[in-house]
Amino acid sequence: MNLDVFKDEVSKLGIKYTDDMLEKLEKYYELLISYNEKMNLTAITEKEDVYLKHFYDSLTIVKVIDLNSINSVCDIGTGAGFPGIVLKIFFPNIELTLVDALNKRINFLETTVLKLNLTNVTCVHARAEEYALKNREKFDLVTARAVASLPVLLEYCLPLVKVSGYFVAMKGSEDISLAGNALNKLSGEIDINNKFLLPFENSNRTLIRVKKINKTDKKFPRKFSEIKKRPL
Ligand code: SAM
């Protein structure tokens, strides 16, 4: 996806952008490629692929949530910053927390935040299920792209969401019927399940939006060993 096509597709998503945002995105691409030579951040490195499979793909979340009306966002298992950093560039209004279990990725994100002059971004080196214990019901929106199966993700992410806030899982394809028990136990409800094809390469995408109905029982999230052994 070259820059002109990217701009067209972003407009089709209803996103308004400025030259400054596009410049930040370009700088982010350059940092990603340069750090990727020293550490494993992404297997996708061709510029047109990064613009499609990382940048555009991250922005598709606007199909299910209006980021102009959201304050606090937490991106769990953000890796090299997807979708979190891309969302922050196009929606500078959000207060963003990026969480990942790998410290070298958090170091890359801290550098990126500084070099792109992004404000109100906190980078946290932690496992999601541990971070959630001390940050319950704190965020309007929690996101996770390509991190774990839906029942596991729900246990990591729903405790972090404010009551009446949302968790959005960004997946390839997903069988949501397997998540019924997790949704019940964690007080969430799927209100949108949006399936579409990524333009040009036509791979499956699913955006699962989960509304938090009530406070999550304090016994969740459990320890990782327990989540892994007995997913909800
Ligand atoms: N979200 C990014 C993306 O879409 O490119 C990264 C996806 S990568 C496949 C999964 C990331 O989740 C890795 O960076 C990994 O360290 C992180 N991760 C996996 N389990 C985690 C957990 N329990 N807590 C925090 N981070 C986790």
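Residues numbered from 1 in each chain as written. Predicted model: local features only at pLDDT ≥ 70, side-chain atom pairs only at ≥ 80, totals over all residues. Heavy atoms only, no water.

A closer look at the packing of aromatic side chains
Applying the stated criterion across every chain, the model contains eight aromatic pairs. With 6.4 Å between their ring centres and 55 degrees between their planes, Tyr29 and Tyr51 make a pair best called tilted. Of this pair, Tyr29 sits in helix H2 (residues 19-36) while Tyr51 sits in helix H3 (residues 47-59), and the two are 22 residues apart along the sequence. For Tyr51, a relative accessible area of 2% corresponds to the buried category. Considering the side-chain rings of Tyr51 and Phe55, the 4.9 Å spacing of their centres and the 70 degrees angle between planes classify their relative orientation as edge-to-face. Remark: Phe55 and Tyr51 occur in helix H3; sequence separation between them is four residues, near one turn of the helix. The residues Tyr51 and Phe55 share a single accessibility class, namely buried. Through successive ring pairs, a cluster of aromatic residues spans Phe6, Tyr28, Tyr29, Tyr51, Phe55, Phe82 and Phe90. The ring of Phe196 has Lys63 sitting right over it, with the charged end atom 4.4 Å from the ring centre. (Phe/Tyr/Trp six-rings, centres within 6.5 Å; stacked < 30°, edge-to-face > 60°. Helix = DSSP H or I, 4+ residues; strand = E, 2+ residues; numbered from the N terminus. Buried < 20%, exposed > 50% of the residue type's maximum accessible area, 1.4 Å probe, protein only. Lys NZ or Arg CZ within 6 Å of the ring centre and 35° of its normal.)

What about the site of the ligand?
Around the ligand sit 16 residues, and of these Gly77, Asp100, Arg105, Ala128 and Arg145 come closest. Gly77 is positioned such that a nitrogen or oxygen atom in its backbone is 2.8 Å from a nitrogen atom of the ligand. Summarising the interface, the protein chains cover 78% of the accessible area of the ligand, which totals 600 Å² for the free molecule. Its residues assigned to classes, the shell around the ligand comprises eight nonpolar, three polar and five charged. (Near = heavy atom within 4 Å. Polar contact = N/O pair within 3.5 Å; in protein donor to acceptor, adjacent residues only side chain to side chain. Areas by Shrake-Rupley, 256 points an atom, 1.4 Å probe, with all protein chains shown as cover. Nonpolar A, V, L, I, M, F, W, Y, C, P; charged D, E, K, R; others polar.)

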